[in-house]
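# Per-entry structural report
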Amino acid sequence: MDAGRDNQTQSRPALLGMDLGALRQVASEVGLRSFAAGQMASWLFKRGCVDFAQMTDLPKDARAILARDYEIGREEPLVESLSTDGTAKYLFRGAPGRDIESVVIPDADRATLCVSSQAGCRMNCAFCMTGRGGFQGQLTAAQIINQVLSVPQSASLTNIVFMGMGEPADNVAEVIRAIDILTAPWGMAWSPRRITVSTIGKTDGLKALLEQTQAHIAISVHNPFGGQRGQIMPVEKAYPLEEVMNLLRSYDFRHQRRLSLEYTLFAGRNDSPAHARALADIARSVDARVNLIRFHRIPGFEGHAPAQKSMEAFRDALNAAGVVATIRASRGEDIMAACGMLAGDKNNKQA
Ligand code: SF4
């Protein structure tokens with residue numbers, strides 16, 4: 001079976017996760033000339049087609065075979081939650097036993113979609129609701145693209161971040177296929193500069209993302225000291241931060257592509273001047289900026305966010321050390337849509 005056609009939750013292969021090569025093969029299977037692949041891609045990715053009957057420039061009998069053997073792959077969200085700050089969270093069908101969530105974060109001049117790449121996550125970070133629920137399955141490229149096309153704000157999105165449920169580098173083939181569809185001229189023609197992939201640095205997957213996409217990269221650091229990082233991020237044992245940084249040092253991030261380091265602040269755990277100095281050293285060594293994230297409490301994890309003043313002092317220490325650092329605005333906390341809070345559960349509400 002072609003890559004991109006396997007779908008755990010759909011009985012027929014979904015066209016939405018196919019690149020132009022795979023669509024050419026589909027065209028040939030249903031008796032169409034290869035240029036029909038471009039027509040199908042246009043219907044799928046540019047014109048928002050949800051039904052084969054809409055593909056009116058394809059012969060009727062070919063449409064009937066397509067409808068019999070394939071699915072488009074479009075699915076509406078199951079549930080919508082709206083925050084008082086304008087953030088919206090959408091629950092989509094994921095894998096058996098776990099649905100997935102996408103978040104739309106509107107801002108003055110932009111609208112960012114936070115997409116999920118897995119149903120759950122096997123990285124088990126101690127401070128994350130997604131990790132707490134375990135891993136239930138990989139998402140296909142079709143399920144990733146569906147999130148982009150099926151949120152109600154799809155037409156007005158300006159940025160996409162792979163920061164929802166799951167570790168993108170742990171599902172790298174489907175994530176790269178989705179980015180290909182998002183950025184290709186025959187696909188959705190997004191600039192890769194408007195796409196960011198956030199990873200904890202699983203190095204094999206990270207290398208593939210660096211070499212096969214032009215998307216911005218964000219690395220989840222959360223502690224510059226390996227021993228301490230390992231206490232909250234088990235991945236440190238298999239993929240030590242030092243190894244991740246060594247890999248990143250072999251790429252040039254000074255032009256166009258951006259590298260950022262994600263750093264959730266926990267009071268008394270990773271917010272000391274020594275942490276700021278060590279983080280600044282790492283950031284300078286890879287030409288990265290730092291995003292500081294407010295921790296949102298989740299059940300079963302002993303920890304809390306520092307006071308705003310302490311967060312600002314930490315940011316100022318990084319800036320003084322020559323590192324561009326900003327505190328990310330916390331959005332959608334009341335609907336459990338903020339960083340670390342996605343659970344893929346329709347009953348998931350803030351306590
Ligand atoms: S923080 Fe990211 S990598 Fe860690 S458990 Fe959560 S989703 Fe997975």
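The structure under discussion appears in the preceding block.
Residues numbered from 1 in each chain as written. Predicted model: local features only at pLDDT ≥ 70, side-chain atom pairs only at ≥ 80, totals over all residues.

Glancing now at the nonpolar core. In terms of nonpolar packing, the biggest core is built from 103 residues, with Leu15, Met40, Leu44, Ile145, Leu279 and Val290 touching the most fellow members. Each of domain 1 (15-69) and domain 2 (79-335) accounts for three or more of the residues forming this core. When neighbours within four sequence positions are excluded, Leu279 is seen to be in contact with Val221, Pro224, Tyr263, Val290 and Leu318. (Core = buried A, V, L, I, M, F, W, Y, C linked by C-beta atoms within 7 Å. Buried ≥ 20, exposed ≤ 12 C-beta atoms within 10 Å, placed from the backbone. Domains from an automatic or database assignment. Contact = placed C-beta atoms within 7 Å.)

So, about the site of the ligand. Taken together, Cys121, Met123, Asn124, Cys125, Cys128, Thr130, Gly131, Met165, Gly166, Glu167 and Ile200 make up the full set of residues adjacent to the ligand. Broken down by class, the residue content of the shell around the ligand amounts to six nonpolar, four polar and one charged. (Near = placed C-beta within 6 Å. Nonpolar A, V, L, I, M, F, W, Y, C, P; charged D, E, K, R; others polar.)

Here the focus is the pairing of strand β8 (residues 195-199). For β8, the buried fraction is high: four of the five residues fall into the buried class. Sheet topology note: the strand β7 (residues 159-162)/β8 ladder contains three bridges and is parallel. Of the residues in β8, the one forming a bridge with Phe162 is Val197. Two strands pair when backbone bridges link them, and β8 and strand β9 (residues 216-220) are joined in this way by four bridges, in the parallel orientation. Pairing of Val197 across the sheet is with Ile217, part of β9. Following the chain from β8 across helix α7 (residues 203-212) to the adjacent parallel β9, one finds a crossover that is right-handed. (Helix = DSSP H or I, 4+ residues; strand = E, 2+ residues; numbered from the N terminus. Pairing = 2+ DSSP bridges. Right-handed = clockwise from strand over helix to strand, strands pointing away.)

We now examine the sheet that holds β8. Strand order across the open sheet formed by 10 strands is β1-β2-β3-β4-β7-β8-β9-β10-β11-β12, with mixed pairing between neighbours. The two strands at the open ends of the sheet, each matched to only one other strand, are β1 (79-82) and β12 (325-327). Shown here is a sheet whose adjacent strand axes are inclined to one another by a mean of 25 degrees, direction ignored. Two strands pair when backbone bridges link them, and strand β11 (residues 289-294) and β12 are joined in this way by three bridges, in the parallel orientation. Considered in β12, the bridge of Asn291 is made with Thr326. (Axes fitted to C-alpha atoms, helices over the stretch in contact; angles between N-to-C directions.)

None of this, on its own, says anything about what the molecule does.
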